[in-house]
Amino acid sequence: MRKSVAIVYNEPHPSRYDNAHEEKAVLGVLDAVNAVHQALIELGCEATLLPLVPPFELARRKLAALGVDVVFNLFEGFCGEPETEALVPEALAELGLFYTGCHASIIRLALDKAKVKVILKGAGIPTPDFQLLNPQTLGTFRLGYPCIVKPRGEDASHGISADSLATDFSSLERQVRAITESYNSGALVERFIGGREFNATVMGNSQCVVLPVSEIVYSLSPEIPRILTFAAKWEPDSTYFKGTKVICPAEVSEEEREYIASNALAAFRLLVGSGYARMDMRMDENGRLNVIEVNPNPDISPDTGAARQSAAAGMRYSEFIEKIIELALEKEEHDGQNPPHVRRRQTGVDADTEKYARI
């Protein structure tokens, strides 16, 4: 592969995440940048780096000046502003440039976890029941305990800690208030399910492939909630990091593997449609698999889920990166084939989402 490729990413800088001691997730993009850059060199590509900082008007001018075959999009949004993640693919599409990963509309949707869950429920794909709450609406809580409180519009496990699991009204009230005050997106409260936890990455456009499934296995003391916290991902010295292990491929039967893969593929086709995305799933008390989150353009650093799964599929890291680029360069006829949620009237989804803020 001899292509000219620009790696576009958000240049880390101080943000509100520093106040929550969550800056490690912001710096994590540099691991992906360095790894992708090295892979492109191995592939014989002419690779350049384009870090972006606010304001976006300046960033857009830099994008418009690119003269490359394809843009490798590692932009995760300006630091502390996850809602800006969709701006880069949106601009690249307007500029007529090929770029890796998912469309802007998909990224924008995935950052609203409540809308994603409404769409999943509407399609009959299991996902835990939820409510949108703030300190003023706590009196409407109806889910029961335990439940998990998370930011409505963050990724990388921002805002997720042992305190996220609420077991009574006092802990629920405390965490809803903390999330509401710390994150612009508000609090999503979800019925907690504590069965086996899996994730799977799906890649493709018209033809899709599900990479080998991973399982998250916890070896924590009984009093510590078994949830994938920020510390479990980003703080190597923490109890959570040391007590959270990823097994890939997951130790499951062929029937179980097919069941997990089919659920991941169904969620991908419904909500994503093209590019690559990781589906996070967990079993409930009846052994039914629930989709917890959909992650378009997930972290592809060598030691993270998507890359680990590609290695389990027999791909070298450079081959994984090459496949991502090939998907971006495929013929444009697939671009007009939006996933079903895009074809649905958005006002209907908004109305359904709003319902969960009222009941």
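Quick note: structure is the one above.
Calculation rules
Counting restarts for each chain: residues are numbered from 1 in the order of the written sequence. Whole-chain, interface and lining totals are the exception, using all residues; otherwise, since this is a predicted model, local features are given only for residues with pLDDT of at least 70 and side-chain atom pairs are given and counted only at 80 or more. Derived side-chain values reflect all non-hydrogen atoms in the structure, with water molecules and hydrogen atoms excluded from consideration. Should a side-chain nitrogen of Lys or Arg be within 4 Å of a carboxyl oxygen of Asp or Glu, the pair is scored as a salt bridge. Secondary structure elements follow DSSP: runs of H or I no shorter than four residues count as helices, runs of E no shorter than two count as strands, and numbering proceeds from the N terminus. Burial here depends on accessible area, computed with a 1.4 Å probe over protein chains only, as a share of the maximum for the residue type. Under 20% is buried, over 50% is exposed, and the range in between is partly exposed. By the criterion applied in these results, polar contacts are pairs of N or O atoms within 3.5 Å in which, for protein atoms, one can donate a hydrogen and the other can accept it, and in which residues neighboring in sequence qualify only through two side-chain atoms. Two strands form a pair only when DSSP identifies at least two bridges running between them. Note on method: axes are straight lines fitted to C-alpha atoms, helices fitted across the in-contact stretch only, with angles between N-to-C directions ranging 0 to 180 degrees. The contact definition used throughout considers only heavy atoms, calling two residues in contact when any of these lie within 4.5 Å. Any angle between 65 and 115 degrees counts as roughly perpendicular, while under 35 counts as roughly parallel, over 145 as roughly antiparallel, and the rest as oblique. A clockwise turn of the near helix away from the far one marks a right-handed crossing, whereas an anticlockwise turn of less than a right angle marks a left-handed crossing. When residues are grouped by polarity, Ala, Val, Leu, Ile, Met, Phe, Trp, Tyr, Cys and Pro land in nonpolar, Asp, Glu, Lys and Arg in charged, and all others, Gly among them, in polar. Working definition: rings of Phe, Tyr and Trp (its six-membered ring) pair if their centres are within 6.5 Å, and the pair is stacked with planes under 30 degrees apart, edge-to-face with planes over 60 apart, and tilted otherwise.

(A) A look at the pattern of salt bridges. Per the counting criterion, the structure on display carries 17 salt bridges. One salt bridge in this structure joins Asp112 and Arg152, with 2.8 Å as the shortest N-O distance. Note that Asp112 is positioned in the loop between helix H5 (104-110) and helix H6 (113-122) and Arg152 in the loop between strand S5 (147-151) and strand S6 (165-166), a separation of 40 residues in sequence. With a relative accessible area of 21%, Arg152 lands in the partly exposed category. Among the ionic pairs, Lys150 bridges to Glu190, the shortest N-O distance being 3.4 Å. Linking Lys150 in strand S5 with Glu190 in strand S7 (residues 187-191), this pair joins segments that are 40 residues apart in sequence. Residue classification places Lys150 among the buried residues on the basis of a relative accessible area of 5%. Given the relative accessible area of 4%, Glu190 is considered buried.

(B) Focus on the environment of Arg142. On the secondary structure map, Arg142 appears in the loop between strand S4 (130-133) and S5. For the pair formed by Arg142 and Gln131, sequence separation is 11 residues and the distance between their alpha carbons is 8.3 Å. A distance of 2.9 Å separates the side chain of Arg142 from the side chain of Asp129, its partner in a polar contact. At a separation of 3.3 Å, a polar atom in the side chain of Arg142 contacts the main-chain carbonyl oxygen of Phe130.

(C) Highlighting the sheet that holds strand S2 (residues 46-52). Sheet architecture is open: three strands sit in the order S2-S1-S3, paired in parallel fashion. The two strands at the open ends of the sheet, each matched to only one other strand, are S2 and strand S3 (70-73). Within this sheet the neighbouring strands show an average axis-to-axis angle of 25°, counted without direction. Strand direction decides the pairing type here: strand S1 (residues 4-10) and S3, joined by four bridges, are parallel. The residue of S3 that forms the bridge with Val5 is Val70. Those strands touched by helix H2 (residues 29-42) are S1, S2 and S3, and its axis lies near 175° from that of S1. Its contacts with the sheet put helix H12 (residues 317-329) on S1 and S3, and the angle it makes with S3 is roughly 125°.

(D) Just the packing of H6 against helix H10 (residues 254-271), in detail. Direction vectors running N to C along H6 and H10 enclose 110°, while the axes themselves pass 11 Å from each other. Of the possible angle classes, the one that applies to H6 and H10 is roughly perpendicular. The chirality of how H6 crosses H10 is right-handed. Contacts from Val116, Ile119 and Leu120 in H6 reach Ala267, Leu270 and Leu271 in H10. Partitioning the contact of H6 with H10 into residue classes produces six nonpolar, no polar and no charged.

(E) The arrangement of the side chain of Lys150 in detail. There is a polar contact of 3.4 Å between the side chain of Lys150 and the side chain of Glu190. Excluding residues that lie within four positions of it along the chain, Lys150 makes contacts with Lys113, Ile160, Ile179, Gly186, Ala187, Leu188, Glu190, Ile292 and Glu293.

(F) Here's a closer look at unusual backbone geometry. The linkage connecting Pro54 with the following residue, Pro55, adopts the cis geometry, with an omega of 0°. Within the fold, Pro55 resides in the loop between S2 and helix H3 (56-64). With an omega of 0°, the peptide bond running from Cys248 to Pro249 counts as cis. Of note, Ser157 is a non-glycine position whose phi angle comes to about 65°, a positive value.

(G) Up close: the environment of Met279. Of note, Met279 is situated in strand S12 (residues 275-283). In this structure Met279 comes out as buried when scored by relative accessible area, which is 0%. Sequence separation between Met279 and Glu293 is 14 residues; the distance between their C-alpha atoms is 6.1 Å. When sequence neighbours within four positions are dropped, the list of residues in contact with Met279 reads Phe198, Asn199, Ala200, Ala264, Ala267, Phe268, Val272, Glu293 and Val294.

(H) Here's a closer look at the packing of aromatic side chains. Within this structure, the stated rule accounts for four aromatic pairs. Aromatic side chains Phe75 and Phe78 sit 5.2 Å apart centroid to centroid with 85° between the ring planes, which places their arrangement in the edge-to-face category. Residue class for Phe75 comes out buried when judged on its relative accessible area of 2%. The buried category is assigned to Phe78, whose relative accessible area is 4%. Ring centres of Phe230 and Trp234 lie 6.3 Å apart, and the angle between their planes is 35°; this geometry places the pair in the tilted category. Residue Phe230 and its partner Trp234 are located together in helix H8 (residues 230-234), separated by four residues, close to a single helical turn. Residue Phe230 is classed as buried on the basis of its relative accessible area, which comes to 4%. Assessed through its relative accessible area of 18%, Trp234 is described here as buried.

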